[in-house]
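Now for the letters of each chain:
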Amino acid sequence: MTTLPASLIEIDNTSEDPTRRAPLVLGHERFGTVTAKVCGVAESPRPPLAWYVCFGISVAVLAMLGVCVLYLFITGVGVWGLMNPVMWAFDITNFVFWVGIGHAGTLISAILFLFRQKWRTGINRFAEAMTIFAVICAGLFPGIHIGRVWLAYWLFPIPNQMEMWPQFRSPLLWDVFAVGTYFTVSLLFWYVGMIPDLASLRDRAKTKLAAIGYGLFAIGWRGSNRHWHRYERAYLLLAALSTPLVLSVHSVVSFDFAVSQLPGWHTTIFPPYFVAGAIFSGFAMVMTLAVPARQLWGLKDLITLRHLENMNKIILVTGSMVGYAYGMEFFIAWYSGAMYEKFAFINRAFGQYAWAYWIMVSCNVITPQLFWFRKCRTSIALMFILSLVVNVGMWFERFVIIVTSLAQDFLPSSWGYFTPTWVDVCTLIGSFGLFMTLFLLFCRYLPMIAMAEIKAIMPAANPHGGAHRAPEAHAVGRAHA
Amino acid sequence: MTTLSPHQAGHMGQPGRRAAPKPPPTYGMAAEFDSPAAIMHAAEAVRDAGYRWWDCHTPFPVHGLDKAMGMHATILPWIVFGGGLTGGLTGLALQWFTNSTGFDFWLLVPVRGYEFLISGKPAFSFPAFIPVIFELTILLSALTAVFGMILLNGLPRWYHPLFKSRRFLRASDDRFFVVIEACDPKYSPAKTRQLLESLHPLSIEELEA
């Protein structure tokens, strides 16, 4: 580990001076210190004590998930609080919640890449990791909620003994393809980005096990420029492919609802509204993970306050978009003149689930407005708390959409009220155990920050910098031209 | 270890050494630099000297180095286009066959189209097929982009003569290398070394094959 003067770490790079770009990497003047710092996390024989504590808790919560799922498999979906008419509740809420979380990772890695937002390099690797783990958590729920799990292969177009095929006109089947593609492409994107960094870890490996482990996955990468050329082209193509993909995934998820006839679900605003909400919740989750991670491993010079502030701005924008969508839903319900539509929305805000609705509004629309103030955007404690609040709010958004619409639809005689059972609640909490276990393992053993990309945006990486090592002031000035 | 210290002035024309065991065959010669500007300059010099079998190794992609090396653009995007087209057509054919036809044939197992009426939609409901066509286009394109890139790069290759060099370990950290291969027609231990020395590298190393 390298030690940096405190003054360098504390530099405030959030203020905007139009005559020059604010530095994105603080304190590192040389490439070697970046490698040492990032690899140092994976190489240190012992992670910080906090890691052990978090990992222990996460594994225990993961075990609880295992117990819940096993109980569900043995007994059947009756162990959940599902009832007539609420036949979709926590399972689908959790699915939509987790898929949404993943969207921030892809947005950072693909869309910000296409827009040449160089600040993404500090956070893209673990945002992408977060995407993959979130999609794993999401994939769990449709997998276990089908009742007879041993028939899960019915989801896929596989020739079978019944000589039947899936019904491709159903949005539920589109979902299988959308989420499956999303997971595969996110995994590829994450892995391709990691190849050069795995090679760094391989080249620095002190033990045989590390050399073989990292070496196997580094597939013999040797930084050849002829390879870099194709690599960069492939990376650009992946970004260009992931951009429409990420917008399509939550659109397809929203079709699960929008294509139905149910008041409260049957609206055309759903695709963009779901995508904005997904990005909103995902950035909140990136923040929830980034704030402790940079603290724990001393990565404040790579994930700077500027990175966090930029994320807060995105949270503010997407949160306001979500707020607009909430308002527009009400307007359309009124403007449509449809009785059931009007009832669905008045009932959502003032009916039996009003408590959930107002939790959603206060968490998603009201509290993020604090980010209009620079003091709030740059306060670590506040942004961490707000990110947790947004996570809660976005889970409730999906709960409100799914459950309130089902509980009271066209026929008052079949109205009902859904109450979760302990299995519902423990499965939801357990999915966080799965997520955190995977994430903590990632932090411990893999390069948490994209070293090769960070080096490429450092002032010293500019080949036209003149001298072999440009003087700092000069280099900072023309850093990211 | 012979690999660590560069052979002095090559291994030819030194009568005193003839009796010693034959030196191992050479892979090429590597020069080490410490900045993107230096490697850029070196790449231009090696390109202009007319070498063809050579490469630069850098910890991150150095912009402008492709041009400095005189490289051509990769055909990867065209391959990916083919992959995407295949994915899209596969999605269309899959949905058309399974939901819109009653064909029946053997392909290891009996395969039969399953044409059935649902909510009064036509058997071939193209608008409803678009999402799956789109997803499969993206899926096949992405797989082609990644595996095409890896295969065009000749990877995975877990063994390479460069990995024997201890100095080269820093190519993934903070050092920049120009490597000229011995199979290049213009390669000569003395002249190549002379060229590389004129570029003021941190070190020059002859690599064992």
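Everything below is about the structure shown above.
None of the values given here were measured: they were computed from a predicted structure.

**Student:** I'm lost on the interface of chain B and chain A in this one. Help?
**Tutor:** Many structure descriptions define interface size as the accessible area lost when the parts assemble. Listed as interface residues are 76 residues of chain B and, on the opposing side, 61 residues of chain A. When chain B packs against chain A, close to 6,200 Å² is buried across both sides, 66% of that on carbon and sulfur atoms. Looking at the side of chain B facing chain A, the largest losses of area belong to B:F60, B:E135 and B:N153, adding up to 9% of the total buried there. Summed over the shared surface of chain B and chain A, the result is one salt bridge. Between A:R226 and B:D55 there is a salt bridge whose closest N-O contact spans 4.0 Å. At the surface where chain B touches chain A, the tally comes to 30 residue pairs in polar contact (both at pLDDT 80 or more). Sorting the residues of the side of chain B that touches chain A by element identifies α1 (36-48), β2 (54-57), α2 (65-69), α3 (76-100), β4 (109-112) and α4 (126-152) of chain B as the ones contributing at least two each. Looking at the side of chain B that touches chain A, the element that brings in the most residues is α4(B), giving 18 residues. Taken together, the residues of the side of chain B that touches chain A break down into 51 nonpolar, 15 polar and 10 charged.

**Student:** Looking at this structure, I do not really get helix α9 (residues 270-296) of chain A. What am I missing?
**Tutor:** In an α-helix, one full turn covers 3.6 residues, which means residues spaced three or four apart are oriented alike. Residues and elements named next belong to chain A. The first and last C-alpha atoms of α9 sit 39 Å apart over 27 residues, in line with the 39 Å expected at 1.5 Å per residue. Buried residues dominate α9, accounting for 23 of its 27 residues. G298 sits one or two residues past α9 and shows a positive phi near 60°.

**Student:** Please clarify how helix α8 (residues 225-258) of chain A should be interpreted in this entry.
**Tutor:** All names here are of chain A. For α8, with 34 residues, the first-to-last C-alpha span of 48 Å sits near the 50 Å given by 1.5 Å per residue. A large share of α8 lies buried, amounting to 25 of its 34 residues. The N-terminus of α8 is capped by S224, whose side-chain oxygen sits 3.1 Å from the backbone nitrogen of R226.

**Student:** Sorry, what's going on with the nonpolar core here?
**Tutor:** When a protein is soluble and globular, its nonpolar side chains tend to lie buried together. If you look at the biggest cluster of nonpolar residues, it comprises 182 residues, and the most contacted ones within it are A:W98, A:M448 and B:V178. By residue number, the principal contributor to this core is α9(A), which donates 16 residues. Here this core gathers at least three residues from each of two domains, domain 1 (26-74 + 157-208) and domain 2 (76-152) of chain B. Filtering out sequence-adjacent residues up to four positions away, A:W98 remains in contact with A:A134, A:C137, A:A138, A:F141, A:M285, A:S431, A:F432 and A:F435.

**Student:** What should I look at first to understand a nonpolar patch on the surface in this one?
**Tutor:** Residue and element names in this part refer to chain B. Where nonpolar side chains cluster on the molecular surface, the patch consists of I75, W78, I79, F81, L85, L89 and L152 and spans about 750 Å² of accessible area. For the nonpolar patch, the leading source of residues is α3, giving five residues. When you line up the elements, I79 lands in helix α3.

**Student:** Would you take a moment to explain the packing of aromatic side chains for this structure?
**Tutor:** Where two aromatic rings form a pair, the distance of their centres and the angle of their planes describe that pair. All names here are of chain A. Going through the model one piece at a time under the given rule, you end up with 59 aromatic pairs over all chains. Ring centres 4.9 Å apart and planes at 55° place the aromatic pair W98 and F432 in the tilted group. Here F432 lies in helix α15 (residues 422-445) and W98 lies in helix α4 (residues 90-114), a separation of 334 residues in the sequence. Each ring, one from W221 and one from Y231, has its centre 5.2 Å from the other, and the planes form 55°; the classification is tilted. Taken as a pair, W221 in the loop between α7 (208-217) and α8 and Y231 in helix α8 lie far apart in primary sequence, 10 residues in all. An aromatic cluster is defined as three or more aromatic residues linked by ring pairs; in this entry it consists of F90, Y353, W355, W395, F396, F399, Y417 and F418.

The rules behind the values
Along each chain, the written sequence defines residue order, and numbers are assigned to residues from 1. To label them, take the chains in the order written and letter them from A, then take the ligands in the order written and number them from 1. Local features in a predicted model are, by the rule used here, given only for residues with pLDDT of at least 70; side-chain atom pairs are given and counted only at 80 or more, and totals for whole chains, interfaces and linings are based on all residues. Based on all heavy atoms of the structure, the side-chain values leave hydrogens and waters out of the count. Two residues qualify as a contact provided that any one of their heavy atoms is within 4.5 Å of a heavy atom in the partner residue. For any pair of parts, buried area is found by adding up, for both, the accessible area (1.4 Å probe) each one loses once the two are put together. Think of a salt bridge as a Lys or Arg side-chain nitrogen and an Asp or Glu carboxyl oxygen that are within 4 Å of each other. Two N or O atoms form a polar contact when they lie within 3.5 Å of each other; inside protein one atom must be a possible hydrogen donor and the other a possible acceptor, and for residues adjacent in sequence the pair counts only when both atoms belong to side chains. The numbering of helices and of strands both runs from the N terminus, where a helix is a DSSP run of H or I of at least 4 residues and a strand a run of E of at least 2. The nonpolar class holds Ala, Val, Leu, Ile, Met, Phe, Trp, Tyr, Cys and Pro. Asp, Glu, Lys and Arg form the charged class, and all remaining residues, Gly among them, are polar. By definition here, a helix of n residues has an expected span of 1.5 Å times n minus one. Only protein chains enter the calculation, and the probe is 1.4 Å; a residue is then buried if its accessible area is under 20% of its type maximum, exposed if over 50%, and partly exposed in between. Nonpolar cores were defined as sets of buried Ala, Val, Leu, Ile, Met, Phe, Trp, Tyr and Cys residues, with membership established by side-chain atoms within 4.5 Å. The split into domains, and so the bounds of each, comes from an automatic or database assignment of domains. Residues enter a patch when their relative accessible area is above 30% and they make no salt bridge; the linking distance is 9 Å between like charges and 5 Å between nonpolar side chains (Val, Leu, Ile, Met, Phe, Trp, Tyr). Reported accessibility uses the Shrake-Rupley method at a 1.4 Å probe radius. Residues are deemed covered only where the shown protein chains occlude them. Aromatic pairs are defined between Phe, Tyr and Trp rings, using the six-membered ring for Trp, whenever the two ring centres lie within 6.5 Å; interplanar angles under 30 degrees are classed as stacked, those over 60 as edge-to-face, and all others as tilted.

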